[in-house]
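Now for the letters of each chain:
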Amino acid sequence: MNHENEIKTEAKKMVTRRHFFKDCGIGLSSMALASLLSEAASANPQSTSKGTSKGRNPQLNDPLAPKKPHFAPKAKRVIYLFQAGAPSQLEMFDYKPGLAKYNGKPCPPELLKGQTLAFIKPDAALFATEFKFAKHGQSGAEMSEALAHLPKVADQITIIKSMMTDAINHAPAQIFMQTGSMQFGRPSFGSWVTYGLGSEARDLPAFVVLSSAGGTSGGSSLWGSGFLPTVFQGVAFRRGGDPILSLANPRGVSREMQRDSLDALKDLNEHLLERAGDAEIATRINSFEMAYRMQESAPDLMDLSKETKATLELYGAEPGKNTYANNCMLARRLVERGVRFVQLYHEAWDHHGQVHKGVKEQCKETDQANTALLLDLKQRGLLDDTIVIWGGEFGRTPMVQGEPDGSNALGRDHHNKAFTMWLAGGGFKPGITIGETDELGFNVAQDPVHVHDLHATILHLLGFDHTKLTYRFQGRDFRLTDVHGVVVDKALA
Amino acid sequence: MVKNLKTFVILLSIAAACQFVITSGAASEQSASRQTVDFARDVRPIFERNCFGCHGAERAMSQLRLDVKRLAMKGGQSGAVVIPGDSKASLLMRRVLGLGGEQRMPFGREPLKPEQIEILRRWIDEGAVWPEWESGKSGEREIELPKHWAYVKPVRPQLPSVKDSKWARNPIDRFILSRLEKEGLRPSPEADKSTLIRRLSLDLTGLPPTLEEIDDFLADTSPRAYENLVERLLASPQYGERWGRWWLDAARYADTNGFEKDRDRSIWPYRDWVINAFNADKPFDQFMIEQIAGDLLPDATLDQRIATGFLRNSMLNEEGAVDPEQFRVEGLIDRVDAIGKAFLGMTINCAQCHAHKFDPIKHDEYYRFYAFLNQDEEPEIEVPTEAEKKKRAGILAGIAKIEDELLAKNPDLPQRMAEWELKAREDQVDWTVLENADVIGTNGVKFEELLDRSLIPRGDNPPTVVYYAKAKTDLKNITGFRLELLTDHTLPRGGPGRSTLGMALLSEFTVEAAPAAQPDKWKRLTISGATADYAAENSIKLAIDGNPKTSWSIDAGPGLRNQDRLAVFTPQSPVAGYDGGTLLKFSLEQKEFGGGAAERFEAPNIGRFRISLTTAPKPKADPLPPNARRILSIPAGQRTAEQRREVFRHYRTTVPEFAEANKAATDLMRRWPYAATTLVVTPRPVPRETRVFKRGDWKRPGEAVTPGTPSFLHPFPSDAPRNRLGLARWIADKNNPLTARVIVNRVWQQYFGQALVVSPEDFGMRCETPSHPELLDWLAVEFRDEATGRQGDGAINRDSQWSLKRTHKLIVMSATYRQSSTIKPESLQADPTNRLLARAPRLRVEAEVVRDIALRASGLLRLKIGGPSVYPPIPDGAMAVSFRSRSVWETSKGEDKYRRGMYTFWKRSVPYPSMSVFDAPNADMSCTRRTRSNSPLQALTTLNDAAFMEAAQSLALRVWKEGGADERAKMIYGFRLCTGRRPDEYELNRLLALLRKQQERFAGDTAAAVYVSSPDLNDLPSGVDLHNLAPWTIVARVLLNLDETITRQ
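Residues numbered from 1 in each chain as written. Chains lettered and ligands numbered in written order. Predicted model: local features only at pLDDT ≥ 70, side-chain atom pairs only at ≥ 80, totals over all residues. Heavy atoms only, no water.

1. Some remarks on the overall build of chain A
Next up, step 1: In terms of regular secondary structure, chain A is built from 14 helices and 17 strands.
Next up, step 2: Sequence separation of 24 or more characterises 78% of the internal contacts of chain A that already satisfy a separation of 6 or more.
Next up, step 3: Carbon and sulfur atoms make up 51% of the accessible area of chain A, which amounts to about 16,400 Å² in all. (Helix = DSSP H or I, 4+ residues; strand = E, 2+ residues; numbered from the N terminus. Contact = heavy atoms within 4.5 Å. Areas by Shrake-Rupley, 256 points an atom, 1.4 Å probe, with all protein chains shown as cover.)

2. Quick word on the confidence of the model for chain B
All names here are of chain B.
Next up, step 1: Within chain B, residue pLDDT values average 89, and 93% of them lie at 70 or more.
Next up, step 2: When the criterion is pLDDT under 50, residues 1–33 qualifies, and its contacts beyond four places in sequence or with other chains add up to 32 contacts.
Next up, step 3: Confidence drops under a pLDDT of 50 for residues 134–144, and excluding neighbours within four residues, the segment shows 19 contacts in the predicted structure.
Next up, step 4: Listed scores for the predicted complex are pTM 0.87 and ipTM 0.84. (pLDDT = per-residue confidence, 0-100.)

3. Structural notes on the nonpolar core
Next up, step 1: Counting 294 residues, the largest nonpolar core has Trp422 of chain A together with Trp247, Tyr270 and Ile339 of chain B as its most contacted members.
Next up, step 2: It is helix α18 (residues 324–344) of chain B that contributes the most residues to this core, 10 residues altogether.
Next up, step 3: The residues contacting Tyr270 of chain B, other than those within four sequence positions of it, are Trp247, Leu248, Ala251, Tyr253, Gln291, Ile306, Ala307, Gly309, Phe310, Asn313 and Thr678 of chain B.
Next up, step 4: Among the nonpolar cores identified, the runner-up in size contains 38 residues, and Ala504, Trp552, Phe569 and Phe586 of chain B belong to it. (Core = buried A, V, L, I, M, F, W, Y, C linked by side-chain atoms within 4.5 Å. Buried < 20%, exposed > 50% of the residue type's maximum accessible area, 1.4 Å probe, protein only.)

4. With respect to the pairing of strand β5 (residues 207–213) of chain A
Residue and element names in this part refer to chain A.
Next up, step 1: With six of seven residues buried, β5 lies mostly within the body of the structure.
Next up, step 2: Pairing of β5 with strand β7 (residues 341–347), which is carried by seven bridges, proceeds in the parallel orientation. Among the inter-strand pairings, Ala213 is bridged to a residue of β7, identified as Glu347.
Next up, step 3: Here two bridges tie β5 to strand β6 (residues 235–236), and the two strands are oriented parallel to one another. Of the residues in β6, the one forming a bridge with Val209 is Ala236. (Pairing = 2+ DSSP bridges.)

5. Details of the interface of chain B and chain A
Note: interface size is frequently given as the accessible area lost on complex formation between the parts.
Next up, step 1: Tallying the contact residues gives 102 residues for chain B and 87 residues for chain A.
Next up, step 2: Of the roughly 7,600 Å² buried where chain B meets chain A, counting both sides, 58% is carbon and sulfur surface.
Next up, step 3: Here chain B is connected to chain A by nine salt bridges.
Next up, step 4: Its salt-bridge partner being Arg1001 of chain B, residue Asp260 of chain A comes within 2.5 Å of it at the nearest N-O pair.
Next up, step 5: Where chain B touches chain A, the interface holds 28 residue pairs in polar contact (both at pLDDT 80 or more).
Next up, step 6: Classifying every residue of the side of chain B that touches chain A gives 41 nonpolar, 31 polar and 30 charged. (Buried area = accessible area lost by both parts, 1.4 Å probe. Salt bridge = Lys/Arg side-chain N within 4 Å of Asp/Glu carboxyl O. Polar contact = N/O pair within 3.5 Å; in protein donor to acceptor, adjacent residues only side chain to side chain. Nonpolar A, V, L, I, M, F, W, Y, C, P; charged D, E, K, R; others polar.)

6. Some points on the pattern of salt bridges
Next up, step 1: Evaluated as defined, the whole model comprises 108 salt bridges over all chains.
Next up, step 2: One salt bridge connects Arg271 of chain B with Asp272 of chain B, and the closest N-O pair in it is separated by 2.6 Å. Accessibility classification places Arg271 of chain B together with Asp272 of chain B in one group, the buried group.
Next up, step 3: Taking the shortest distance from any N to any O, the salt bridge between Arg416 of chain B and Asp412 of chain B comes out at 3.5 Å.
Next up, step 4: Judged by relative accessible area, which is 22%, Arg416 of chain B ranks as partly exposed.
Next up, step 5: For Asp412 of chain B, a relative accessible area of 36% gives the class partly exposed.
Next up, step 6: Connected through salt bridges with shared partners, the residues Glu307, Arg332, Arg333, Glu336, Asp376 and Arg380 of chain A form a single ionic network.

7. Side note on the side chain of Glu421 of chain B
All names here are of chain B.
Next up, step 1: When you line up the elements, Glu421 lands in helix α21 (residues 413–426).
Next up, step 2: A residue is classified by how much of its surface remains accessible, and Glu421, at 8% relative accessible area, is buried.
Next up, step 3: Ignoring anything within four residues of it in the chain, the contact list for Glu421 reads Leu632 and Arg639.

8. A closer look at the packing of aromatic side chains
All names here are of chain B.
Next up, step 1: The tally for this structure, following the rule as stated, stands at 61 aromatic pairs over all chains.
Next up, step 2: With a centroid separation of 6.4 Å and 85 degrees between ring planes, the pair formed by Phe752 and Tyr817 is classed as edge-to-face. Pair noted here: Phe752 is in helix α26 (residues 739–752) and Tyr817 is in helix α29 (residues 815–818), with a separation of 65 residues, a long-range link.
Next up, step 3: With relative accessibility at 1%, the residue Tyr817 sits in the buried group.
Next up, step 4: Over the ring of Phe217 we find Lys193; its NZ or CZ atom is 4.6 Å from the centre of that ring.
Next up, step 5: The residue whose ring lies beneath Arg746 is Trp246, and the NZ or CZ to ring-centre distance is 4.5 Å. (Phe/Tyr/Trp six-rings, centres within 6.5 Å; stacked < 30°, edge-to-face > 60°. Lys NZ or Arg CZ within 6 Å of the ring centre and 35° of its normal.)

9. What to know about the packing of helix α27 (residues 773–784) of chain B against helix α28 (residues 804–813) of chain B
Residues and elements named next belong to chain B.
Next up, step 1: In the contact formed by α27 and α28, the axes pass within 9 Å of each other and the chain directions differ by 140 degrees. Relative to α28, the element α27 is oriented oblique. Crossing handedness for the pair α27 and α28: right-handed. Of the residues in α28, those touching α27 at Trp778, Leu779, Glu782 and Phe783 are Leu804, Arg806, Thr807, Leu810 and Ile811. (Axes fitted to C-alpha atoms, helices over the stretch in contact; angles between N-to-C directions. Parallel < 35°, antiparallel > 145°, perpendicular 65-115°, else oblique. Left-handed = near helix turned anticlockwise from the far one by under 90°.)

Here it is, written out as structure tokens:
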């Protein structure tokens, strides 16, 4: 699907229609304007509703107007819980008794042939986890004791133990996971999805980014729009205060003054539109109105205290704090309001030393909230058409890492050959585990799923043929999956 | 059903991939009673529907045509595609099946149906019968492939004839008008004068005109008024900023390294070089050559070296544990990409993994191009200002004077010095450099070994680190270890350390030994002696005191610090060594620093070092600085005056009676000014071999290649060296069919919103046909060659070759440029995107200009040119997404708070939000085309961002003070400051109504009035009632947010 022409055609239609009014001597009547700016004229900018598309006016030159994908989608929106820094699959999902057997022995050299290692030396010893594992649910999904809550939803998630990626350093791997390329400058996953589907949010950005813990290695390119128009880029919410930069009026400017100002702006810009005849002016008028609606609705969105005590407890959320749990709850509130793609970052998993302790701590931070999010979405009937993604940018080595000076012992290095992610909702087949690794958890032994395959699969559930969601740039049709990607049929419900 | 079909195709491909035999199973057996394949009936329709679009007379991608028998059988860029009788060997089959890792054909479309593939297979296996007469239809077109237009050197086209000969002001208009007339369209009338001056000012200087400038222009009724204005603007220093910024997009200029660590870099001198080059109208061929190879020009000036910063604008990954070579390679790939896009309009990077899919660039040609750039070192050099140079000279002269006095007062000095030298020479012992060391660092620090066996850490520079070097030696009775800390031009200030000042701290030096036969039996040696050529405050012993919080410091203070240093460590008793060799493990602990607030100055870790061993008795550190030592090895009679001075300079410090003079000299040196630095390239002493990377993977090197340019383009100049300079001259060669077109095309884009070739970065076979191909060529030839005749005398004017200012003038003098931007229904219908230019475009101005307009209108703008990047206010919390805690944003004070947008510090991982939201490119890669979006976040920015609010407050104050007696006059004044024109009655009344309503709102609300009107509550505007000012502030904010204010009409 290539929307460029569509957008151009819309612009043309819009303007010719405007001229029709003018040429028929009606001028740019209030009636015509109301139709152009139906949102601006909307009496009640507070009201929001999930799944309605009347929030945006497709007539207008609005690249974010909701669009239909290639075929009937299973899922309409995405919540991506990005565990940045790369959590250890061996401490959480990929149980390897083989590692216990060879604990402390050097890794077999044939496994290491051609493998790039980041910090450790090839002679590093194999390292068994200290966590105990058990099977959970009817599906018998294996999880370690580090996860106290996720077992409750074991039958609702799809675990992929056979993920593979190309990069072994954080920034390139995060960029790869989010854009399908290690090179900067490509559109992010969320940008592709909003480019393809538009947005149903009438007063919020289409693609929202939340973060807890540290700043991400990949920086803002992780939610950048690359060569796609900038309107598709993710909007990073701030951690404290107003979520969106410059959302609040300057000090002393009241809500009424803001409205007065916008009314004047609208009148003056309409006056110009009538003379200059440029559709861009209409779009700008609409942008200002939508900005105002964002200002009006965001405080309500951010006010977690309106949630019930039971819900807050379910997540372990505490209003007013910047925690992962709060962000999970916020993610649900965002998708409820029609936001297409919510991306959480929790950059806290880079456990080069003390991986046991680190995983334990981070599970404490995140496990309950992840589980709560699934339960909450389900209870609200949102899980069926919302995809939830959990995972990092790569995995961690079966070999131990410690610094050569003896500090920071018992950690794990970066590993791209095998790691675990899980998915839920939106057409993923619940209660199954896909893929296996070899005896030592080094390589994928069965059903490899490359990052491109994961992208292809998620796009498939959103109603896209991943080979056809393209954008022409530099003479080439680019896509999220580059020239790769196979839909993982096994993962589909 | 569809799904089944797909599965079938996949199965088919898998089966074929195994054996490349399509089993004569179900599909073919069903049609067992088949007839022979008939080309005309069966094959040609498949070609027609699926292949001719790209492999026909029109496009001939990869130089393959399937519409003509002879050409189809000849094949394309990859060789023959049809081998009659052998479908297995026929590329055509592999490609339609998507085998061999290549893109499946037809590219970007539905795969062929299995039945169609089967027809092709049978046709080939049956001998690929293609009757001659079937070439008939296109037989007349059976000529050698015409070369893609962009690969043919442009020649000056004839000016087309037009009906309305009066409209055209210059040749540009003839091309535009002829096309309009062909489409039955009429150009728009000329825009009014106030629109024209605002348009010209924004286009040529990036700033709106002042009211005085507008008034002067409106009052000037002379025929030359417009041309005078154009010339004044082109001569304005703001022209260089405006168009310099245009170039910086393509040059991907930024102030940080990118990736996770995203450390600050100092490369603004390159940015200033660009601005100056534009202001001086440096001929564009020279401009290009200096950026690619300024350092290689004969007697290269500092400025020419600075220009090579173009190459250094690549990102650099310094994340922990990266492989430095991987990201060195990525940097080079980026440089090839940038050169391809900025100068050649060529997506050359598509040939990084395989031959280019569409353009005739072969896989190895990519690496031949890359080889030109693979021969460099990447220094950081000082760029002293004239004042700094003067001050430095003064200091050196002062010291020389002190020394001259010593020499004059002590006639016996030469004799004493000769004796000292004799003794000093005896101090020397032999050192054996440690070879083949296995070196690693904590925190994943990795090392590059140089030719002299010294080691340089690359990548992350963590707050604390230990370097370990392990090597085998056959020496016995080792009596000492020498650690040299060496300067290197790739280190900050030349090193030898990695701190911002190039300094290092060594907290502990330890050595362990083990028999080579038993590598686990490490024994820690007791180091009892430590001497150094220099140790601040006698700190050398702190490196062996067992306390990691105390260190040997090599910092000799300003002017003296960035020199080679060395220390010698001696074991309590000589290391006897083992038969069969001894393993030595050195650890260089650097743990004192530990980061914290000072981390932004970068950890003082060792930048380049080398370890040597000796067996001579009682070794100690040579007290002579290495440079003085080197001079001593030259026979006294052969030394230059400078060398003699250098020896004396050290000698005098060893003479106790000169203490006073020495102190005076050192005190002078303390005033040594540190100049700004910038990043450049310089050739490495030994060439580096370049190999093709198989599938673009740097870990899979293939055949070696030599530097060379793609063979389908003009030949490499025969007299040019095969290095970067040769490459630069090849790019700027007048035979280059691309460069001149590519540059003028991007210039055109800036004026008209879209370029003649809509993809300025891609002039390849897949680019859309130019809207006005002859105009493009005409402009390119005008730009590249010179004026012919238009100046009247027809004389060749060398000065106007490659003159960008001249090209600007040509464009803005045209009637095409001067048209009104009002949209007329009929042209909208015929040409919705205004490709044909029946009107001027309305363009929302660029991110930087959005800021500059607000600052100029409000009177806040400061027009200082150049210098380090600045930190205007940024919203709280905007930097929180940054990975590094040290990424703080200290808002600039004074005039730097109000500099033009282009001077804003550009942090790649967190680009300045209010400019990023207006589509300023990230600078991750070369950008030759900005997007122009229109979003609510932009509205929030210009409404609420503190910098824009301050502009509104300042504009209100300005209007109040300067705008005239009454509200009407004030309102007109403010409106003009923002839009450059007078408001009409409707606009005036609407704004006055807003003002009145705000006056009511603020009437009883002093607090709100103070807040709204004052940027700084500690410094309230004086001489004005804030109750009056506040409503004007609200109005000013509306004026600054008008569509027209941020639009070039």
